[in-house]
Amino acid sequence: MTVTRRDFLSASAGFALVPALGGRAVAAPPPREADIVVIGAGAAGIAAARRIAAANRKVIVVEAASQVGGRCQTDASTFGVPFDRGARWMHNPETNPMIRLARSAGLDIVTAPAGQKIRIGRRNARPGETEEFLAALVRANRAIDDAARKADIACAAAMPKDLGDWAGTAEFLLGANFSGKDLKDLSAADKVRAQDRNTAIACRQGLGALIAKLGEGLPLVLSTPAQRILWSNRDVMVETPSGKITARAAIVTVSSNVLASGNIKFAPELPKRALDAAAKLTLGSYDRIALQIPGNPLGLSRDDVVIEQSNSTRTALLYGNIAGSSLCTIDVAGSFGRDLSAQGEQAMAAFAVEWLARLYGSEVGAAVKKTSTTRWNAQPFIQGAMSAAAPGAQFSRRILSEPIGAMYLAGEATHETLWGTVDGAWESGERAADAALRRIGGVKEATPEPAAPAAKHKRRAPPGR
């Protein structure tokens, strides 16, 4: 029996969620001044820059890496078919402007297909077993919801103790696969406040390709890390290896880990309130192991998603036959994924083959022709996957979105309901741009892209409902 995407795929929003994409931006010496300078060319930075450019204000985007996209990176060359090494899904098609923009740019937008499977050993779960799992998942979700109304505790502390054989699977889906962190490290309030993400929308060319496309025509300076930002209530100056940029305001879109690491110096130093907030919103671990497996020896359908009944954190999620190709990806996350990633690409590929062999038979190993892995935690300009609040720290997202002089922070970590998603990053960039434009007196001239029709409000449903 298969399980609908609404049953549990919202847990794989991570990405959510590594190489190069097809952006045509070219590195160049930065200009000396701008109205607003944007640090980072991920989804938040591109969204902010588009908003500022639409207001006819001078903007410059400074990116440390050699490509556009941040945590949205599409690899179209390794296997001959595009696959997202980072963020994979968009959500909320009724209100998400990125979906309309993607269509306008000529990219293909598709709804993720329904029909996911659960493996128990080397067989698919029977209908009765699937129902038991769904019931366990509903109970777990409700327990976390109920606990969050009383106090912001760790999700693990709220989990029912009698989930039996389904405890490990529920913990993986609700914790590591949803946020990149185990339930013991995840704020119940943060998880409950996460907006409904059950509708998963993909870009056939890849989310990284979409962000690169939306960044075309913007003044981008790549391979140019911001080294120090001098700020006040009046203006900012950004120091880079290629020179200094002065501006009336800055939008900083780096990840919470980079912000807390001190890799970018600030003068004066960032307020302790902001640094503490970033430290409580550290990035979880979420990586992807891609395998080319010709001949479909696993017997999978197009875009199949498979999880397993597991009694440990040593588990994963399979996304098979991507777009009808022979490409499959194995997603590993949480503490296990972090430890595995630290061991390197060879260990990651070996685990993927071992895991598939346990579920489908030892002959799988011989069928694998090529592998590629992501290691987001080792990316110096990102340092992880998506932000996830520590128990008791959900309020930190609101703090992180507060203005700091003429600086505005943006990125998925600053969004209280769409954290961990490219949707949240995009919206946070637009919000920060609007605030910066108001500061410099440019908001009246802004011509933002029209919003999609508003969806009727609905209470976030547990994945098993």
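Not measured: the values here are computed from a predicted model.

Novice: Outline the overall build of the chain, supporting the account with residue identities and numerical values.
Specialist: In terms of helices and strands, the chain carries 15 helices and 19 strands. In the chain, which comprises 465 residues, the proportion classed as buried is 60%.

Novice: Before we move on, could you go through the packing of helix α2 (residues 43-54) against helix α8 (residues 207-215) and cite the residues and values that matter?
Specialist: If you want to describe how two helices pack, look at the angle between their axes and the distance between the axes. In contact at an axis separation of 10 Å, α2 and α8 are set at 25° when each is read in the N-to-C sense. Compared by their axis directions, α2 and α8 come out roughly parallel. Seen from above, α2 lies across α8 with left-handed handedness. Facing α2, whose interface residues are Ala43, Ile46 and Arg50, α8 presents Ile211, Leu214 and Gly215. Looking at the contact of α2 with α8 residue by residue, the class counts come to 4 nonpolar, 1 polar and 1 charged.

Novice: Can you lay out the pairing of strand β11 (residues 236-240) for me, pointing to particular residues and giving the numbers?
Specialist: For β11, the buried fraction is high: 4 of the 5 residues fall into the buried class. Where strand β10 (residues 228-231) and β11 come together, 4 bridges link them in antiparallel fashion. Residue pairing across strands places Arg228 opposite Glu239, the latter belonging to β11. Where β10 folds back onto β11 in an antiparallel hairpin, the turn is made up of 4 residues. Two elements, β11 and strand β12 (residues 243-252), share 5 bridges in a ladder whose sense is antiparallel. Opposite Met237, over in β12, you have Thr246 as the bridge partner. Linking two consecutive strands that pair antiparallel, namely β11 and β12, is a turn of 2 residues.

Novice: Let's hear about the environment of Ser341: which residues, and what values?
Specialist: Turning to its location among the elements, Ser341 is positioned in helix α11 (residues 334-342). Residue classification places Ser341 among the buried positions, given a relative accessible area of 3%. Spatially, the C-alpha atom of Ser341 lies 7.5 Å from that of Asp287, the residues being 54 residues apart in sequence. Setting aside residues no more than four positions away along its own chain, Ser341 makes contact with Asp287, Met348, Arg375 and Asn377. Within the local environment of Ser341, its side chain forms a polar contact with the side chain of Asp287, the two groups lying 3.4 Å apart.

Novice: Which residues make up the pattern of salt bridges, and what values go with them?
Specialist: A side chain of one charge can pair with a side chain of the opposite charge if their charged atoms are brought near each other. Applying the stated criterion to the full structure yields 24 salt bridges. A salt bridge links Asp35 to Arg248, with the nearest nitrogen and oxygen atoms 3.8 Å apart. On the criterion of sequence distance, the pair formed by Asp35 in strand β1 (residues 33-39) and Arg248 in strand β12 is long-range, its members being 213 residues apart. For Glu354, the salt bridge identified is with Arg314, shortest N-O distance 3.0 Å. Of this pair, Glu354 sits in helix α12 (residues 345-360) while Arg314 sits in the loop between β15 (304-308) and β16 (317-320), placing them 40 residues apart in sequence. The exposure class assigned to Arg314 is partly exposed, which follows from its relative accessible area of 36%. One network of salt bridges, with partners in common, ties together Glu308, Arg314, Glu354 and Arg358.

Novice: Now, about empty space enclosed by the protein: what can you tell me, with residues and values included?
Specialist: Here the second largest cavity defines a volume of roughly 80 Å³. As for the second largest cavity, its lining consists of 14 residues, of which Val254, Ser255, Ser256, Ala410 and Ala413 are closest to the centre. Looking at the lining of the second largest cavity residue by residue, the classes come out as 7 nonpolar, 5 polar and 2 charged.

Reading the values: the criteria
Residues numbered from 1 in each chain as written. Predicted model: local features only at pLDDT ≥ 70, side-chain atom pairs only at ≥ 80, totals over all residues. Heavy atoms only, no water. Helix = DSSP H or I, 4+ residues; strand = E, 2+ residues; numbered from the N terminus. Buried < 20%, exposed > 50% of the residue type's maximum accessible area, 1.4 Å probe, protein only. Axes fitted to C-alpha atoms, helices over the stretch in contact; angles between N-to-C directions. Parallel < 35°, antiparallel > 145°, perpendicular 65-115°, else oblique. Left-handed = near helix turned anticlockwise from the far one by under 90°. Contact = heavy atoms within 4.5 Å. Nonpolar A, V, L, I, M, F, W, Y, C, P; charged D, E, K, R; others polar. Pairing = 2+ DSSP bridges. Polar contact = N/O pair within 3.5 Å; in protein donor to acceptor, adjacent residues only side chain to side chain. Salt bridge = Lys/Arg side-chain N within 4 Å of Asp/Glu carboxyl O. 1 Å grid on protein atoms, 1.4 Å probe; cavity = no way out; pocket = protein on both sides within 12 Å on 5 of 7 lines; lining within 4 Å. Points joined across faces, edges and corners; volume = space filled by probe spheres on them.

In short, shape yes, function no, at least from these values alone.
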